[in-house]
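Spelled out from the first residue to the last, the chains are:
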There are 2 protein chains.
Amino acid sequence: MQPPLPRISENKNPEVTPSAHDRVYRGLRSRILYGEIAPGKALTLRGLAREFDVSMTPAREAVQRLVAEGALSMSASGRVSTPELTNERIEELAALRALIEVELASRALPRAHIALIDRLQSINGTIADVVSNRDAVGYIRTNLEFHRTLYLRAQAPAMLAMCETVWLQLGPTMRALYGRLRRTEAPQYHRLIIAALKAGDEPGLRLAVRSDVTQGLRMLAS
Amino acid sequence: MQPPLPRISENKNPEVTPSAHDRVYRGLRSRILYGEIAPGKALTLRGLAREFDVSMTPAREAVQRLVAEGALSMSASGRVSTPELTNERIEELAALRALIEVELASRALPRAHIALIDRLQSINGTIADVVSNRDAVGYIRTNLEFHRTLYLRAQAPAMLAMCETVWLQLGPTMRALYGRLRRTEAPQYHRLIIAALKAGDEPGLRLAVRSDVTQGLRMLAS
DNA sequence: CATGCCCCTTTGTGATCACAAAAACCAGTA
DNA sequence: TACTGGTTTTTGTGATCACAAAGGGGCATG
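Residues numbered from 1 in each chain as written. Chains lettered and ligands numbered in written order. Predicted model: local features only at pLDDT ≥ 70, side-chain atom pairs only at ≥ 80, totals over all residues.

**Thoughts on the overall build of chain A**
Along the backbone of chain A there are nine helices and three strands. Tracing chain A from N to C terminus, the helices and strands come up as α-β-α-α-β-β-α-α-α-α-α-α. Taking all 222 residues of chain A together, 38% fall into the buried category. Considering only intrachain contacts with a sequence separation of at least 6, the fraction spanning at least 24 residues in chain A is 75%. (Helix = DSSP H or I, 4+ residues; strand = E, 2+ residues; numbered from the N terminus. Buried ≥ 20, exposed ≤ 12 C-beta atoms within 10 Å, placed from the backbone. Contact = placed C-beta atoms within 7 Å.)

**Remarks on the environment of Gly35 of chain A**
All names here are of chain A. Here Gly35 lies in the loop between helix 1 (20-33) and strand 1 (42-43). With 137 residues separating them in the primary sequence, Gly35 and Pro172 have C-alpha atoms 4.6 Å apart. Every residue in contact with Gly35, bar those within four places of it in the chain, is listed here: Ala136, Val137, Ile140, Gly171, Pro172, Met174 and Arg175.

**Details of the sheet that holds strand 2 (residues 73-74) of chain B**
Residue and element names in this part refer to chain B. Strand order in the open sheet made by the three strands is 1-3-2, with antiparallel pairing throughout. A strand with exactly one partner marks an edge of an open sheet, and here the two such strands are strand 1 (42-43) and strand 2. Of the strand pairs in this sheet, strand 1 and strand 3 (residues 80-81) are connected by two bridges, and their pairing is antiparallel. Within strand 3, the position partnered with Leu43 by the bridge is Val80. (Pairing = 2+ DSSP bridges.)

**As for the packing of helix 2 (residues 45-52) of chain A against helix 3 (residues 56-68) of chain A**
Residue and element names in this part refer to chain A. Orientation of helix 2 relative to helix 3, taken along the N-to-C sense of each, is 110°, at an axis distance of 8 Å. One way to sum up the angle between helix 2 and helix 3 is to call them roughly perpendicular. For the crossing formed where helix 2 meets helix 3, the hand is right-handed. In this structure, helix 2 contributes Leu45, Arg46, Leu48, Ala49 and Phe52 to the contact, and helix 3 contributes Met56, Ala59, Arg60 and Val63. Residue composition of the contact of helix 2 with helix 3, by class: seven nonpolar, no polar and two charged. (Axes fitted to C-alpha atoms, helices over the stretch in contact; angles between N-to-C directions. Parallel < 35°, antiparallel > 145°, perpendicular 65-115°, else oblique. Left-handed = near helix turned anticlockwise from the far one by under 90°. Nonpolar A, V, L, I, M, F, W, Y, C, P; charged D, E, K, R; others polar.)

**A look at the nonpolar core**
One finds Leu104 of chain A together with Leu104 of chain B to be the most contacted residues of the largest nonpolar core, which totals 109 residues. What Leu104 of chain B contacts, discounting residues up to four positions off in sequence, is Tyr151, Ala154, Ala156, Met159, Leu160 and Cys163 of chain B. (Core = buried A, V, L, I, M, F, W, Y, C linked by C-beta atoms within 7 Å.)

**Observations regarding unusual backbone geometry**
Residue and element names in this part refer to chain B. Residue Asp53 is not a glycine yet carries a positive backbone phi of 60°. Of note, Asp53 is situated in the loop between helix 2 (45-52) and helix 3 (56-68). Classification of Asp53 as exposed rests on a count of 11 C-beta atoms within 10 Å. For Gln155, which is not a glycine, the phi torsion comes out positive at approximately 55°. When you line up the elements, Gln155 lands in the loop between helix 6 (136-152) and helix 7 (157-180).

**Points about the interface of chain A and chain B**
With 17 residues of chain A at the contact, the number on the chain B side is 17 residues. Residue assignment for the side of chain A that touches chain B shows that the elements contributing at least two residues are helix 3, helix 4 (87-108) and helix 7 (157-180) of chain A. No other element matches the eight residues that helix 4 of chain A contributes to the side of chain A that touches chain B. A class-by-class count of the residues in the side of chain A that touches chain B yields ten nonpolar, one polar and six charged.

**Looking at the relation of the copies chain A and chain B**
In screw terms, the move from chain A to chain B is a rotation of 180° and a rise of 0.0 Å along the axis, fitting with an RMSD of 0.0 Å. The transformation just described matches what one would write down for a two-fold rotation axis. In terms of C-alpha distance to the rotation axis, chain A has Arg65 of chain A as its closest residue, with the C-alpha 2.7 Å off the axis. Both copies share a contact surface, since 100% of the interface residues of chain A are interface residues in chain B too. (Least-squares fit on C-alpha atoms with pLDDT ≥ 70 in both.)

**Observations regarding the packing of helix 4 of chain A against helix 4 (residues 87-108) of chain B**
Where helix 4 of chain A contacts helix 4 of chain B, the axes come no closer than 11 Å and their chain directions differ by 145°. Both helix 4 of chain A and helix 4 of chain B take part in a crossing whose hand is right-handed. Here Ala95, Leu99, Ile100 and Glu103 of chain A of helix 4 of chain A come into contact with helix 4 of chain B, specifically with Ala95, Leu99, Ile100 and Glu103 of chain B. In the contact of helix 4 of chain A with helix 4 of chain B, the residues fall into six nonpolar, no polar and two charged.

**Structural notes on the domain arrangement of chain A**
Residues and elements named next belong to chain A. In terms of domains, chain A is made up of domain 1 (20-81) and domain 2 (87-221). Each partner contributes to the interface: domain 1 provides twelve residues, whereas domain 2 provides 14 residues. Among the residues making up the side of domain 1 that touches domain 2, the classes are represented as seven nonpolar, two polar and three charged. (Domains from an automatic or database assignment.)

See the structure below:
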């Protein structure tokens, strides 16, 4: 597929060229995050390398990184797959989401002007559309966009990164979960979040975020 | 240094042989975690490979993984170094420690029998010794052992992993910090933690843990 | 003395390959 | 059919190398 010469010099576009392992990392990450891969799905380095048209080295780096973040799990023999979470682990991750996201929302509250609230309402409208189309991946993606848009206002990049790591670990499981609950409308707690933001009601906001985060994950333990 | 033949077959000991990148990862990680490397110190792949007597590939994987965990930072040109944290980031990480560790302690409380408390008291005694020797690395190591011993009882591996990731990010900074405050005795809040554990006092435990975690990091913002 | 320029060294990146071990496959037997 | 054995294929690991770009140091010019 590739000429035997290593590193051929075909720098066709002088604009920013993300490194090969970054392309693989980003591509794989978003698939996992948005629930496009079922839990337990096996992946191979050569398969990923072929798919992203790179050699094994960048594929390995991307996979190693995702394993380190908990987005993929690796068997003792080095085989990688999307994780199949136990109920205990799901409960832990839900608790982490609750802890971190409540804090992020609380920090975002004093900075939330009307433009942000409009934006959140618009995203919430998109969620309603997506839900009526039975589009699980679209639902997960838009729901996370809602939360991320709010938390970005907290100006707390370390917390947000940690939060996204938890989302990533829950990615494949979320797909299975949201496929199970036959949702027909946008999540009710999003409206409560928006209302609390408008009112500047911090206790209400904390409760609404906590409820929204734990609402979906609770039923999985049953 | 290495014979030109790749992968020579000298499997001298049949017991478990950790992979090369794991050796590098663990070695580097513990150095960072225990504050043995100053913030801003530059590292090179070839240097690490030489030092751990492996090729560049495992060294790169270990470094990539630590970068993903936030233990190392990477410049746009790929150079890696220990991070120099801003005060804002330190505040965030301290807040994350407070959130997660309070939860972990709270979950450990109902499972804390007398053997655990004895163990914690013993570790606290070691801290007093180490402190009197002005041994910053030993202090950090033993202090983290105190916390980890308690949190292990929470039976929450995902939370503990997230917690250790935060510790890792603070590692180099903690060295600079604990060198600054000329400590002469074991931390007072550890005694409060032990007392709350003995009394089964959850609010007291939460307060003591929160105080212990934020006590050292607060002064850095000034 | 400061500043821009060039050359050489250092460094990260990615492709390739050999090897070992795990997995998959495929009879052949009970 | 179920299971056991050996063989073949697949897969991760790590070493090596070529290349490009970043760094650094010395030198001439202002």
